[in-house]
Structures are given as C-alpha cells and as structure tokens.
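Below are the chains, spelled out letter by letter.
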Amino acid sequence: MGVLPVILSALLAATLLTSGAGKMVSPRGLAAALGELTGSRQPPVVLIRAVAAMEIALAALAVFAQEHPLTLLAAALLGAGFALVGVVGRLRASSLPCGCFGRSGSRSFGGWNVLAGAAVLAWALVPALRETEHDQAVQLLALNVAVAVPVWANRRYLTVFVRGTIARERTET
C-alpha cells in the first residue's frame, strides 16, 4: 500500500473538479480561446459544458473507481486532449487566456496544458500511480484533499457567495 498514489489520485480529482466546475459556471473563456486556436467559430457552450461534465465525472471516478476501464479511457482521452491543445496553442502562438478553470487569467494555451495532459496520461497509463489498496485513513485523507483543494482555489468566490447569502437572509427577515 502506498500513500503517494492515493494522494496523486486525490490531487487529480481536485484539479479536475475545480476545472470542471469553473467551466460549468463560466464556459465562454475556453470557447473564445478554442475559437482563436482553430481559426474558426467558437465551439458551442454546450460542448464546453460536456467536457466540464466529463472532468467532474472523472474526478469522482479517480477517487472511487481508479482501475475501471472507463475511468482509464476517460483519463487517457482528456490527458491526450489537454496535451494536444497545449502543443497546438504553442505552435500557433495562442494569445487569449485559455479559460481552463473557467475564469479569465493571463495564460494562453501552451506548455502548462502539455504538462497537465502528460500528468493525466501518466496517471491513466501507469498503474503504480493509482494503487487502489489502501486503508480508510488514507482514503479519508484523499477525500479531504479532493474537497479542500477546490475550496481553497475558489475561496474568493465562496466568500462572495456566503456574504450574498447572509445579506439576503438579513433583508428577508
């Protein structure tokens, strides 16, 4: 039993959950960047949200069904897609922010996408990176990491949401 493979799976799940949720909420940045990358019309928002749904589903599968063939296939496809977009973005000198996590940023498609894709591909193709035999304490640690990372990454949005909810409750009473 190894703790490292469980933590790697949890980090993969956390990253995919953050990325998928960001794209669900704000898909237009990625659509615009993909339109620039291909030199054609932007892909429909529904396609971006379908990719986001796949990322969210893979996040759950990365924690609970690591060895299932569909999990490995989905991870390999997403990893290859991320890497391919990074390579094409680098070759075509992509300039728009990629929108990979749903919000605008300064990074365009390129090296980081290639590295992320390679990491997901490695997780899918190398069994030692996703060992499934672990005790409950290690699984609990992995689940906490998978939840804590997206919450930490989106803390400023959660603060706005909580403040808005509290303000609404005050005005309703």
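Numbering of residues begins from 1 in every chain and follows the order in which that chain's sequence is written. This being a predicted model, a pLDDT of at least 70 is required before a residue's local features are given, and a value of 80 or more before pairs of side-chain atoms are given or counted; all residues contribute to the totals for chains, interfaces and linings. As a rule here, side-chain values come from all non-hydrogen atoms in the structure, and water together with hydrogens is ignored.

### Observations regarding the environment of Arg41
- As for its position among the elements, Arg41 is in the loop between helix 2 (28-38) and helix 3 (45-64).
- Separated by 10 residues in sequence, Arg41 and Ala31 place their C-alpha atoms 9.0 Å apart. Numbered from the N terminus, helices here are DSSP runs of H or I no shorter than four residues, and strands are runs of E no shorter than two.

### Here's the deal with the pattern of salt bridges
- Salt bridges are defined by distance alone: a side-chain nitrogen of Lys or Arg within 4 Å of a carboxyl oxygen of Asp or Glu. Scanning the entire structure with this criterion turns up 1 salt bridge.
- Among the salt bridges present, the one from Glu55 reaches Lys23, with a minimum N-O distance of 2.8 Å. Within this pair, whereas Glu55 is found in helix 3, its partner Lys23 is found in helix 1 (residues 3-25), the two being separated by 32 residues in sequence. Like Glu55, the residue Lys23 is buried in the burial classification. Exposure classes here rest on a 1.4 Å probe applied to the protein chains alone. A residue is buried below 20% of its type maximum, exposed above 50%, and partly exposed in between.

### Considering the layout of surface pockets
- Put plainly, a pocket is an open set of points on a 1 Å grid over the protein atoms alone with protein on both sides within 12 Å along at least five of seven lines, a cavity is a set where a 1.4 Å probe fits but cannot get out, and a lining residue has an atom within 4 Å of a point. Grid points are joined across faces, edges and corners, and a volume is the space filled by probe spheres set on the points. The calculated volume of the largest pocket comes to roughly 1,200 Å³.
- Looking at the largest pocket, it is lined by 42 residues, and the ones nearest its centre are Phe82, Cys100, Phe101, Asn113 and Ala116.
- When contributions to the lining of the largest pocket are tallied by element, the ones reaching two or more residues are helix 1, helix 2, helix 3, helix 4 (69-91) and helix 5 (111-125).

### A word on the nonpolar core
- Counting residues in hydrophobic clusters, the biggest one holds 15 residues, and the most contacted among them are Leu12, Leu58, Ala75 and Trp123.
- Elements supplying a minimum of two residues to this core: helix 1, helix 3, helix 4 and helix 5.
- In terms of residue count, the dominant contributor to this core is helix 4 (5 residues).
- Ignoring any residue separated from it by four or fewer positions in sequence, one finds Trp123 in contact with Ser9, Leu12, Ala62, Gln66, Thr71, Leu72, Ala75, Leu129 and Arg130.
- What we call a nonpolar core is a set of buried Ala, Val, Leu, Ile, Met, Phe, Trp, Tyr and Cys residues that are connected through their side-chain atoms within 4.5 Å. Leu30, Ala31, Ala33 and Ile48 belong to the second-largest nonpolar core, a separate cluster that totals 9 residues. Residue contacts are counted whenever heavy atoms from the two residues lie within 4.5 Å of one another.

### Quick word on helix 3
- Expected span of a helix: the number of residues minus one, times 1.5 Å. Between its first and last C-alpha, helix 3 extends 29 Å over 20 residues, near the 28 Å set by a 1.5 Å rise per residue.
- Residues Val45, Ile48, Ala52, Glu55, Leu58, Ala59, Ala62 and Val63 constitute the buried set of helix 3. Within helix 3, the buried residues cover an arc of 145° as seen down the axis, which keeps them to one side. In helix 3, the exposed residues that point more than 90 degrees away from the buried face are Val46 and Phe64. Working definition: the arc comes from the directions between the helix axis and the C-beta atoms, pointing outward to the latter.

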